[in-house]
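Reading the structure
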Amino acid sequence: MRIPAPKLLLAPACLGLFLLSGWASVFFAVDTDLVQYAAIAATIVLGGLSLSYSGLNRFACLLPVIVCLIAFAQIAYLDTHIGHRPKELKFYLILVFCAYCACFVLRGAAAEQFVKIYVALCFLLSVAALLMNKGADTGAQRLMQGDGNPIWIARAAGTAIMFLAWRLLTDTRRQALRIALILPCVAALVLAGARGPILSLLLGLGVLLVLTNRGALLLSRKVWAAGLAVVLLAVAAAVLAPDGIKDRLASLVVSNYSGSDVLRMNLYEVSFSMLRDTLFGQGFGAFEASGALQPYPHNLLIETLIEPGLIFTVFFFALIVYAIARLYRSAKRSQGRDLVATFLCALSLYSLANAMFSGDITSPKELYLCVFYALSTAFVVRTANVQRPVPASSQPIAH
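Let us look at the structure shown here. (Residues numbered from 1 in each chain as written. Predicted model: local features only at pLDDT ≥ 70, side-chain atom pairs only at ≥ 80, totals over all residues. Heavy atoms only, no water.)

Here we look at the overall build of the chain
Quick reminder of the rule: The way it works is that DSSP assigns letters per residue, a run of H or I at least four long becomes a helix, a run of E at least two long becomes a strand, and they are numbered from the N terminus. Under the scheme applied here, a residue whose accessible area is under 20% of the maximum for its type counts as buried, over 50% as exposed, and between as partly exposed, the area being computed with a 1.4 Å probe on protein chains only.
Scanning the chain from N- to C-terminus turns up 18 helices and zero strands. Scored against the burial criterion, the 399 residues of the chain give a buried share of 48%.

Focus on the packing of aromatic side chains
How we decide: Each Phe, Tyr or Trp ring (for Trp, its six-membered ring) is paired with any other whose centre lies within 6.5 Å, and the angle between the two planes then decides the class: stacked below 30 degrees, edge-to-face above 60, tilted in between.
Inspection of the entire model under this criterion finds 17 aromatic pairs. Taken together, a centroid distance of 6.3 Å and an interplanar angle of 85 degrees make the contact between Phe59 and Tyr100 edge-to-face. In this pair, Phe59 sits in helix 5 (residues 53-74) while Tyr100 sits in helix 6 (residues 85-104), placing the two residues 41 residues apart along the sequence. Residue Tyr100 is classed as buried on the basis of its relative accessible area, which comes to 13%. Summarising the aromatic geometry, the rings of Phe163 and Phe343 are spaced 6.0 Å apart at their centres and angled 80 degrees between planes, so their arrangement reads as edge-to-face.

Examining helix 16 (residues 310-333)
Because the α-helix completes a turn every 3.6 residues, residues three or four places apart line up on one side. This is how it is decided: To estimate the expected span of a helix, subtract one from its residue number and multiply by 1.5 Å.
For helix 16, built from 24 residues, the straight-helix expectation of 34 Å at 1.5 Å per residue is met to within 8% by its first-to-last C-alpha distance of 35 Å. Listing the buried residues of helix 16 in full gives Phe312, Thr313, Phe316, Phe317, Leu319, Ile320, Ala323, Ile324, Arg326, Leu327 and Ala331. Immediately downstream of helix 16, the backbone of Gln335 shows phi near 55 degrees, a positive value.

Describing the nonpolar core
Formally: For the purposes of this section, nonpolar cores are sets of buried Ala, Val, Leu, Ile, Met, Phe, Trp, Tyr and Cys residues that join through side-chain atoms within 4.5 Å. In this analysis, two residues are considered to be in contact whenever any of their non-hydrogen atoms come within 4.5 Å of each other.
Among the nonpolar cores identified, the biggest contains 96 residues, and Leu15, Phe91, Leu300, Phe316, Tyr368 and Phe372 are the most heavily contacted of them. Not counting the four nearest positions on each side in its chain, Phe316 is found in contact with Leu69, Phe91, Leu300, Thr304 and Tyr368. Membership of the second largest hydrophobic core comes to nine residues, among which are Leu267, Ala286, Ile302 and Ile306.

Right, here's the structure in full:
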């Protein structure tokens, strides 16, 4: 049974709310975990309305991948008793949920609706952070420092900028409006004082240029004028920003060894010390139990090597690389016109690059969603090729 078009919006909207639910407690007097689990439950129920045999087949194909990830993670517990069950179970729940959404929510038109809704939520979050700046006197005075991690504001702003940049590259209409929409996102990105999302955004924009074959735009005067306007706004935001943010942004080009840099050096020293002990992992939560200044090393690769171990890390990153390559090839075939493949390819690279600077293994949920979406579509293509009838070979006509 085909689901009516209005209902297609509900499940993607709940999925988008889940990805950004960490900020619910900032703007509303609600518990973050309650909002997250409510969004998960609503997405599962609404996604269940479009159950199909093809979706069930794809989900069944993804389950062995998840089982392998869980099994490889358990190798770390063969010679250690360190464990952090809440973090481990949360990670497994995220994997299963993202696989479910890839098969039952991101289907057909609903996938495009999800991209648009998610980007709209990221844009609204960026603007709301600017209008309701609750920066506390923590030395850095970064945007939203008082009630939440400012790097999530920067990541949301970068996501919105990537989508608007893609629209500028593929559609010549309403360019002035899109540039105007980019400006507040740039301001939020700069005032958040997060360096990782800025570097990741440059990577994402470069990928969009390659996918859309619009490298020639770099020679356009209009593009340079628009870029200059955006750069001037970024410079103005940086100049007007508190000294703490200026120092963090300056460290992009000059090593000033700020407090954040010293903290990261400590995290890396602890990480390399733990890696020397064993390459087969020390279990989820081992880094937090080590007595480091923070509960995770702010680097996805290092964290997976330390906690789930080398075997898990190799399989885990092989899946990520394969998924991104599939999305890249699909987007390249359409010359960047395919919204879902192009944006998810840029988003996965953007999220992966961000994960090398901040967050723990449970943070890059949008990356896992993109990975399972690519894997599920690979199964569809392979199945279609297998089921396609082979034409009978032509036989010579007997005379």
